[in-house]
Amino acid sequence: MSRPQHETAKNALPAPRDNAFAHRYGPWAVVTGASDGIGLAIARELAARGLHLVVVARRGERLQQLARELAGRHGVECQALAADLGTAEGCEAVRRMIAAHEVGVLVAAAGFGTSGAFVDSPLGAEREMLAVNCASVLELVGHVAPRMADRGRGGIVLLSSVLAFNGVPGSAHYAATKAWVQSLAEGLRGELRGRGVDVLASAPGPVDTGFAARARLAPGTMLSAEVVARQTIDALGRQGTVRPGWLSKLLGWSLATLPRPMRVVLLARVMKGMTGRRRDGGPGVAPTR
Ligand SMILES: NC(=O)c1ccc[n+]([C@@H]2O[C@H](COP(=O)([O-])OP(=O)(O)OC[C@H]3O[C@@H](n4cnc5c(N)ncnc54)[C@H](OP(=O)(O)O)[C@@H]3O)[C@@H](O)[C@H]2O)c1
């Protein structure tokens, strides 16, 4: 379990790339899962658009490095918060950070997946995934949404997945956590739209990050985290759900016409392909870092 640690980096250098975005959603953004992958790319994207940042994950060193990078490159203020979102203490540390800043954007990107047969997966790993992928999202959204609604502006971005739209044998519980995220985003969007707060679910297909290794998957085609980040932030305020990249769109369109039980059968085959390419062939137990 990581202890919350803070570091601030500041540098008044270049002008922000997108003044309208910073005006609409600034001054501060909180990005969880910012030490790696999609969260890291989204943190860079938001800093380039002129937002100050609180970046959250367990690996504090990486966050501190990122804080220095963003301050130096974009002249924004960046605070690094090392916290384990699988714990109540970690969530509380982020809530305190949110309370101390005028947060206009929350991006909940921290998360991980498991794969393989549910019956072979240790329940502890599944519990940890539920805590990070869902419970921490509830805590942070529950804290930030009322504040944004009172202020009459803001943006909330939740990381869903192409696997969020029906049951997925071979990734049953991970898909269930993402269905929860997708449904929350859609419902909240309807509730908060009239109060000036934009809510977006980003539902990518396979992305080239540390995710696949941790979930013990071997996808074929993968999108870069930078493309996902750009398309996700571009969609904020314009769409309710964005499917970054052609593969997620193709999968969405082609599955949409099929009855739900048939989609489950097809996705089971897709998952089999991805777990079948694993070198060890063992169950997809998520190793903790
Ligand atoms: N990659 C894909 O193919 C894909 C596709 C669809 C959706 N997604 C979703 O996108 C999100 C980001 O995934 P990614 O691809 O960027 O994975 P990643 O490269 O493995 O990054 C995951 C991030 O989450 C953080 N994290 C994990 N457990 C945490 C914990 N207990 N407390 C705090 N932070 C934690 C990690 O930081 P630390 O290890 O430093 O804590 C890291 O910054 C996830 O929600 C995932 O479900 C990914």
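All values derive from a computational prediction rather than experimental measurement. (Residues numbered from 1 in each chain as written. Predicted model: local features only at pLDDT ≥ 70, side-chain atom pairs only at ≥ 80, totals over all residues. Heavy atoms only, no water.)

Draft legend 1. Just the packing of helix α5 (residues 123–151) against helix α6 (residues 172–192), in detail. The N-to-C vectors of α5 and α6 enclose an angle of 10°; their axes lie 10 Å apart at closest approach. The angle between the axes of α5 and α6 places the two elements in the roughly parallel class. Residues E126, M129, L130, N133, C134, V137, L138, V141, A145 and A149 of α5 form the contact with α6, whose own contacting residues are H173, Y174, T177, K178, W180, V181, L184, L188 and L192. Within the contact of α5 with α6, the residues separate by chemical class into 14 nonpolar, 3 polar and 2 charged. (Axes fitted to C-alpha atoms, helices over the stretch in contact; angles between N-to-C directions. Helix = DSSP H or I, 4+ residues; strand = E, 2+ residues; numbered from the N terminus. Parallel < 35°, antiparallel > 145°, perpendicular 65-115°, else oblique. Contact = heavy atoms within 4.5 Å. Nonpolar A, V, L, I, M, F, W, Y, C, P; charged D, E, K, R; others polar.)

Draft legend 2. Local environment of the site of the ligand. In the neighbourhood of the ligand, 31 residues make up the surrounding shell, with I38, R58, R59, Y174 and T209 lying closest. Interatomic distance of 2.8 Å between a side-chain N/O atom of S35 and an oxygen atom of the ligand. Y174 is positioned such that a nitrogen or oxygen atom in its side chain is 2.6 Å from an oxygen atom of the ligand. For the ligand, the protein covers 98% of the area, taking 880 Å² as the surface of the free molecule. Partitioning the shell around the ligand into residue classes produces 14 nonpolar, 10 polar and 7 charged. (Near = heavy atom within 4 Å. Polar contact = N/O pair within 3.5 Å; in protein donor to acceptor, adjacent residues only side chain to side chain. Areas by Shrake-Rupley, 256 points an atom, 1.4 Å probe, with all protein chains shown as cover.)

Draft legend 3. Structural view of the side chain of T177. Mapped onto the fold, T177 is located in helix α6. Apart from the residues lying within four places of it in its own chain, the contact partners of T177 are M129, L130, N133 and C134.

Draft legend 4. How the structure looks around the nonpolar core. Core analysis: the largest hydrophobic core is formed by 47 residues, its most contacted members being V94 and I156. Among the elements that make up this core, the one with the highest residue count is α5 (9 residues). Excluding anything up to four places from it in sequence, I156 contacts L106, V141, V144, A145, M148, L192, V197, D198, V199, L200 and L236. Counting residues in each nonpolar core, the second largest holds 38 residues, with Y25, L51, A109 and I233 among its members. (Core = buried A, V, L, I, M, F, W, Y, C linked by side-chain atoms within 4.5 Å. Buried < 20%, exposed > 50% of the residue type's maximum accessible area, 1.4 Å probe, protein only.)

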